[in-house]
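So the chains spell out like this:
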Amino acid sequence: MKKNIDQLKMRRETKFEFSEILEDIRIEEAEVSKVHVDYLIELVEDEVIIRGEYTAFIKTNCVRCLEELEIKVSGEFFGDYKESKGYNEYIDTLGKEAQVSDDMVEELVDGEVDISSLVRDYIILEMPQFPACEPECGGLEELEKYRDSGIDSRWQKLLDLKN
Ligand SMILES: [Zn+2]
């Protein structure tokens, strides 16, 4: 979802509060069913500061037993955007002192801020790398064991020897 900052500027206010549902967030190998966001947009001279909270519900699969599961990911997000002129000046000063990769400020493109793309980056960072249906999930191996009600007779003999 894109927010038109130029339109906000015409409202002669500097702080805007939003509570929205984002429906255009796509993440590989997971299905984002719903993302709720509460945030504040603040206009400070040529800068746009965004801070807020998100709660996302994501459908994915347990890495152990492959069962489908829905996980909830939530946290805060923050964005700092500058108009092109101010952004370029900012990059110039950075060039002298630091790497651009440390850069936390983004350029305001066409007077718009893409809230979905901002929040998406935070969701990806916060998503569990190895989601599990439950902390003790024994995974496929354990399921197999229950499935054929015991141990293969050929292995049973080996186990008997071992004990
Ligand atoms: Zn599982």
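Now for a look at the structure at hand. The shown structure was predicted, so the numbers you read here are calculated from the model rather than taken from an experiment.

1. Things to note about a negative patch on the surface
Thought 1: Side chains of Glu17, Asp38, Glu53 and Glu76 sit close together on the surface and give a patch of like negative charge.
Thought 2: Mapped onto the fold, Asp38 is located in strand E3 (residues 31-44).

2. Let's talk about the sheet that holds strand E5 (residues 68-82)
Thought 1: Taken together, the five strands give an open sheet; going across it, the order is E2-E3-E4-E5-E6, and neighbouring strands pair in mixed fashion. The open sheet has two edge strands with one neighbour each: strand E2 (15-22) and strand E6 (106-107).
Thought 2: When strand E4 (residues 47-61) meets E5, the two strands line up antiparallel, connected through 15 bridges. If you follow Val48 over to E5, its bridge partner there is Tyr81.
Thought 3: Its contacts with the sheet put helix H3 (residues 115-126) on E2, E3, E4 and E5, and the angle it makes with E5 is roughly 125°.

3. Some thoughts on unusual backbone geometry
Thought 1: One non-glycine residue, Arg12, adopts positive backbone phi at about 55°.
Thought 2: Relative to the helices and strands, Arg12 resides in the loop between helix H1 (5-9) and E2.
Thought 3: According to the relative accessible area criterion, Arg12 is exposed, its value standing at 82%.
Thought 4: Positive phi, close to 55°, is recorded for Asp110, a residue that is not glycine.

Parameters at a glance
Residues numbered from 1 in each chain as written. Predicted model: local features only at pLDDT ≥ 70, side-chain atom pairs only at ≥ 80, totals over all residues. Heavy atoms only, no water. Patch = residues over 30% accessible without salt bridge, like charges linked within 9 Å, V, L, I, M, F, W, Y side chains within 5 Å. Areas by Shrake-Rupley, 256 points an atom, 1.4 Å probe, with all protein chains shown as cover. Salt bridge = Lys/Arg side-chain N within 4 Å of Asp/Glu carboxyl O. Lys, Arg positive; Asp, Glu negative; His and termini not counted. Charge placed at Lys NZ, Arg CZ, Asp CG, Glu CD. Helix = DSSP H or I, 4+ residues; strand = E, 2+ residues; numbered from the N terminus. Pairing = 2+ DSSP bridges. Contact = heavy atoms within 4.5 Å. Axes fitted to C-alpha atoms, helices over the stretch in contact; angles between N-to-C directions. Buried < 20%, exposed > 50% of the residue type's maximum accessible area, 1.4 Å probe, protein only.

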